[in-house]
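Chain residues, written in single-letter form:
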Amino acid sequence: MVEVCAQVLGGPVHLAGDTVQVCVTVTSPSLDPALRAQSSDVCDVVAWGSAQIHCQCSVNEARVKLPPTSPRQAEEQAVTNADTSFAPCRGERGRVVLSTKPKILFCDLQLLPGESRSFVYKETLPCDAPPTYRGQLLKYAYKITIGTQRLGAPTKLLRIPIMVIVLQGLSEACVYSESGELAPSNPFLHTPQRDTPRHTALQIIQNVSTRKNLSQYNITNTRGKVVRFCIYKTSFRLGEDIVATFDFSDAEISCVQYSVTLQSEEVIAENCRQRASQKSMLVPYSKTHEVCLNLSHTHLLLPIPLHITPTFTTDLVSLQWHLHFEFVTSVTEVKGPSPLASSKDQLEWRAPTSLDIETMVWDLPITILPTTPSQVAQAICMPAQHTLPL
């Protein structure tokens, strides 16, 4: 039985604009040495092999309605004979929102027993492609489909899932970099090599995520000031820690405890909502909690998971991120240990057994950026090699 083995070079995680490379190896099984002399002229024939990358979009039909398919898209997805034609999306759930042109890897491939042949499939992902995303209302899933057919047998498909991460606004940056040279070319001067989309994206991520801009927020309620919150930046990379400080020294209201949660907000486009009044979906991720009664200062350290999807916007959905704060404040004044009291009195101070409290919430929008694909690949369980028997 002939076996097709496909391995994604560089790992299963890619940035939009990257060139995806897949090594496809077709191997014919070895024969028993006793039968090798009798079957020296017998070879396995694989009629053809093709490959294509496509992105499927599936939605919660009770909450999301997809725009109607254009006649051209319907014609492109139509398959005359699913048994012999290369139909990468056959049996897939959802709608195709991105598909590259299929490329032929080989035709009339003849293999002797024990022989193997390797082919490399290359395809560049568009800079404006949607990211891999598994939301509550909508999902984007990428797959590399390799189709092969032996003579007299139906077509078989090998699907390889990959993860695509996107930097919002990268397509505009790539267009600007390509049109940046306005001077006439000189054949006697060395022309510098243009940056690849990956290099441009990583440079933008580095510049934006390292830019410090101290922001201070005085958080108050109807009865007075609760806390001053200081954060050094609002753009973070995947895997980074969100660092900030709380200053209760000038507070007019006693804050008993607080919690901070990293939340995603999934907003469906207005023309794709089943009901105009439906709300966005909120999903919590990292969370920290601290009792801060009688504290003058404290800090926040909240990690950003590597497996989440960075901020992005498409025609169907917008994914936004924010820090969700919950402050529990006391209605009555809570007296702490007196600084003039003896050390023995301070050790014997006890918190009140009951408090009249109020809860207030506040959301701070932030931007989450991608990071290097190799770093993301360490946090996900996605094999880069797959096999298919023919």
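Read on for an overview of the structure. (Residues numbered from 1 in each chain as written. Predicted model: local features only at pLDDT ≥ 70, side-chain atom pairs only at ≥ 80, totals over all residues. Heavy atoms only, no water.)

Some thoughts on the pattern of salt bridges
Then, in step 1: With the rule as written, the count across this model stands at 7 salt bridges.
Then, in step 2: Taking the shortest distance from any N to any O, the salt bridge between Arg223 and Glu358 comes out at 3.6 Å. A residue pair is termed long-range when its members are at least 10 positions apart, and Arg223 in the loop between strand E11 (215-221) and strand E12 (224-231) and Glu358 in strand E20 (residues 357-369) qualify at 135 residues.
Then, in step 3: Bridged by salt links that share partners, the residues Glu92, Lys143 and Arg159 form one connected network. (Salt bridge = Lys/Arg side-chain N within 4 Å of Asp/Glu carboxyl O. Helix = DSSP H or I, 4+ residues; strand = E, 2+ residues; numbered from the N terminus.)

What to know about the side chain of Thr329
Then, in step 1: Mapped onto the elements of the fold, Thr329 is located in strand E19 (residues 317-330).
Then, in step 2: Overall, the relative accessible area of 1% leaves Thr329 in the buried class.
Then, in step 3: Once residues within four sequence positions are removed from consideration, Thr329 is found in contact with Asn221, Arg223, Val226, Ile253, Ser254, Cys255, Val256, Asp356, Ile357 and Glu358. (Buried < 20%, exposed > 50% of the residue type's maximum accessible area, 1.4 Å probe, protein only. Contact = heavy atoms within 4.5 Å.)

Describing the sheet that holds strand E1 (residues 3-9)
Then, in step 1: On the basis of which strands lie adjacent, the open sheet formed by 4 strands has the order E7-E3-E1-E21 and antiparallel pairing. Of all the strands in the sheet, the pair left with one neighbour each is strand E7 (116-124) and strand E21 (385-389). Mean inter-strand twist for the sheet, computed between neighbouring axes without regard to direction, equals 20°.
Then, in step 2: Direction of pairing for E1 relative to strand E3 (residues 19-27): antiparallel, over a ladder of 7 bridges. (Pairing = 2+ DSSP bridges. Axes fitted to C-alpha atoms, helices over the stretch in contact; angles between N-to-C directions.)

Focus on the nonpolar core
Then, in step 1: Ranked by size, the top nonpolar core spans 87 residues in total, and within it Val22, Phe246, Leu262 and Leu323 carry the most contacts.
Then, in step 2: Formed jointly, this core draws a minimum of three residues from each of two domains, domain 1 (3-32 + 41-166 + 374-383) and domain 2 (212-334 + 355-369). (Core = buried A, V, L, I, M, F, W, Y, C linked by side-chain atoms within 4.5 Å. Domains from an automatic or database assignment.)

With respect to the layout of surface pockets
Then, in step 1: In this structure, the second largest pocket encloses a volume near 480 Å³.
Then, in step 2: Together, 21 residues line the second largest pocket, and Thr132, Tyr133, Arg134, Tyr140 and Thr309 are the ones closest to its centre.
Then, in step 3: Broken down by secondary-structure element, the contributors of at least two residues to the lining of the second largest pocket are strand E4 (44-59), strand E8 (133-134), strand E9 (138-150) and strand E10 (156-165).
Then, in step 4: Looking at which element gives the most residues to the lining of the second largest pocket, the answer is E9, with 5 residues.
Then, in step 5: Here the lining of the second largest pocket is built from residues that sort into 12 nonpolar, 5 polar and 4 charged.
Then, in step 6: Split by domain, the lining of the second largest pocket shows at least three residues from each of two domains, domain 1 (3-32 + 41-166 + 374-383) and domain 2 (212-334 + 355-369). (1 Å grid on protein atoms, 1.4 Å probe; cavity = no way out; pocket = protein on both sides within 12 Å on 5 of 7 lines; lining within 4 Å. Points joined across faces, edges and corners; volume = space filled by probe spheres on them. Nonpolar A, V, L, I, M, F, W, Y, C, P; charged D, E, K, R; others polar.)

A short note on a nonpolar patch on the surface
Then, in step 1: A cluster of nonpolar side chains, namely Leu214, Tyr232, Val243 and Leu301, defines an oily patch on the protein surface of about 360 Å² accessible area.
Then, in step 2: Within the secondary structure, Tyr232 sits in the loop between E12 and strand E13 (235-237). (Patch = residues over 30% accessible without salt bridge, like charges linked within 9 Å, V, L, I, M, F, W, Y side chains within 5 Å. Areas by Shrake-Rupley, 256 points an atom, 1.4 Å probe, with all protein chains shown as cover.)

Brief notes about the packing of aromatic side chains
Then, in step 1: Per the counting criterion, the structure on display carries 13 aromatic pairs.
Then, in step 2: Pairing Tyr217 with Trp362 gives two aromatic rings, centres 5.3 Å apart and planes at 55°, and the pair type is tilted. Taken together, the residues span a long stretch of sequence, with Tyr217 in strand E11 and Trp362 in strand E20 at a distance of 145 residues.
Then, in step 3: Assessed through its relative accessible area of 26%, Tyr217 is described here as partly exposed.
Then, in step 4: Considering the side-chain rings of Phe229 and Phe325, the 4.9 Å spacing of their centres and the 70° angle between planes classify their relative orientation as edge-to-face. Within this pair, whereas Phe229 is found in strand E12, its partner Phe325 is found in strand E19, the two being separated by 96 residues in sequence. Phe325 carries the same exposure label as Phe229, and that label is buried.
Then, in step 5: Linked through ring pairs, Tyr217, Phe229, Phe246, Phe248, Tyr258, Phe325, Phe327 and Trp362 together constitute an aromatic cluster. (Phe/Tyr/Trp six-rings, centres within 6.5 Å; stacked < 30°, edge-to-face > 60°.)

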